[in-house]
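# Working through the structure, step by step
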Amino acid sequence: MSYILKATDLTVNYGEKVALDHINLEIGGGEFICLLGSNGAGKSTFINAITGLQKMSHGSIIYNEDYLSNKKQPFASLGFSAQTSVMDYYTTVWDNVILGVNLAGKMGKEANELCRAALNVLGLTSKKDMLVESLSGGQLQRVQIARAIAHKPDIYILDEPTVGLDAESSEKFLNYLKKESESGKTVIISSHDIQLLEMFSDKIIFISNGQLVYYGSLVEFINNSESEIVVTFNSDLTTDQLYWLQNYKFSVDRIDKSSCKFIVPKKTTLLTIIHDLTPLFEIKDISRQENHLRESYLNRVRGDLK
Ligand SMILES: Nc1ncnc2c1ncn2[C@@H]1O[C@H](COP(=O)(O)OP(=O)(O)OP(=O)(O)O)[C@@H](O)[C@H]1O
């Protein structure tokens, strides 16, 4: 399948700081992509650059017109919510959301219906006549998202949309986005809520220190990463044992006085660990932890920081 969005050598510098360093990727239609990275990795810069909010220092971004329903006004095909708030505080919830729909070129009855549907998805129907300035932080965030998505864009690009949302609202909203992606829309979403994103994403863009570390399937990311082996010992660890563990060839995290977690390459067997430990340790229990996105991500981040 051909791309819907293509970044070539995308580079953004803030003065001396290289915030994005020659990023190359192609995003296909119908993908649900989560954007991962530590604080300051470059996620917002990436999102702002692909939506035109941030000037690139080098490189290009191309949207494939074949996929855009509004070819005359390509920006109207995007549903973009930035990390910073862009609301009109002295008008109502309804006026804010319908403005987003109108700016995308949709008017009249169609606009009213789209606005009503978005308010419903974000649980804002009963708040539609309230002034935005009187809303709570979480409600404000929901209005911002409703305004970004109400016109039913082809590509959703959302920077930390679930911040400030309660668990139920986040899940309802992500379920809505999942259905949109299943119907062919593309979703690019940045969030630190990794467990929730694992439930919905097909692909991952992992940025570290401005570099693209990984772009590919979620399943592959989890399966190719390191795994964790938890070992419980018969007694509390002694100073000598702790010293030995600190110098062991794999990373070791202490869980409590008598158990540890070993971060090992995927193919490492339990037997290898048992073999290495037995001269100095009495093992009570050993097991491999099932990999999840959160652990895989943390292990990759840890590897990158070494
Ligand atoms: N306007 C700016 N001027 C100078 N440096 C900036 C500017 N905006 C971002 N940066 C720097 O660029 C880097 C990437 O920032 P960015 O906001 O893209 O990170 P992020 O991954 O979105 O972080 P977070 O998860 O904390 O939101 C950081 O080192 C940040 O300090």
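Above this text is the structure in question.
Analysis parameters
Residues numbered from 1 in each chain as written. Predicted model: local features only at pLDDT ≥ 70, side-chain atom pairs only at ≥ 80, totals over all residues. Heavy atoms only, no water. Helix = DSSP H or I, 4+ residues; strand = E, 2+ residues; numbered from the N terminus. Expected span 1.5 Å × (residues − 1). Buried < 20%, exposed > 50% of the residue type's maximum accessible area, 1.4 Å probe, protein only. Contact = heavy atoms within 4.5 Å. Core = buried A, V, L, I, M, F, W, Y, C linked by side-chain atoms within 4.5 Å. Near = heavy atom within 4 Å. Polar contact = N/O pair within 3.5 Å; in protein donor to acceptor, adjacent residues only side chain to side chain. Areas by Shrake-Rupley, 256 points an atom, 1.4 Å probe, with all protein chains shown as cover. Nonpolar A, V, L, I, M, F, W, Y, C, P; charged D, E, K, R; others polar.

## Observations concerning helix α5 (residues 167–182)
Helix length check: α5, at 16 residues, gives a terminal C-alpha distance of 22 Å against a target of 22 Å (1.5 Å per residue), a fit within 8%. Turning to α5, its buried residues are S169, S170, F173, L174, Y176, L177, K178, E180 and S181. Buried positions along α5 lie against β3 (32–36), α3 (108–121), α4 (137–149), β6 (155–159), β7 (186–190) and α6 (194–200). Taken from the residues just after α5, G184 is the one with a positive phi, measuring 110 degrees.

## Points about the nonpolar core
One finds I149, L177, I189, I204 and L293 to be the most contacted residues of the largest nonpolar core, which totals 48 residues. I149 has contacts with L122, Y156, L158, F173 and Y176, leaving out every residue within four places of it along the chain. Counting residues in each nonpolar core, the second largest holds 26 residues, with I4, L35, F46 and I155 among its members.

## Concerning the site of the ligand
Lining the immediate surroundings of the ligand are 14 residues, of which G40, G42, K43, S44 and T45 lie closest. One of the backbone N or O atoms of A41 is found 3.1 Å from an oxygen atom in the ligand. Protein burial of the ligand: of its 630 Å² of free accessible surface, 62% is covered by the chains. Going through the elements one at a time, β2 (17–28) and α1 (43–50) are the ones with two or more residues in the shell around the ligand. For the shell around the ligand, the element with the highest residue contribution is α1, accounting for three residues. Of the residues in the shell around the ligand, the class split is three nonpolar, eight polar and three charged.

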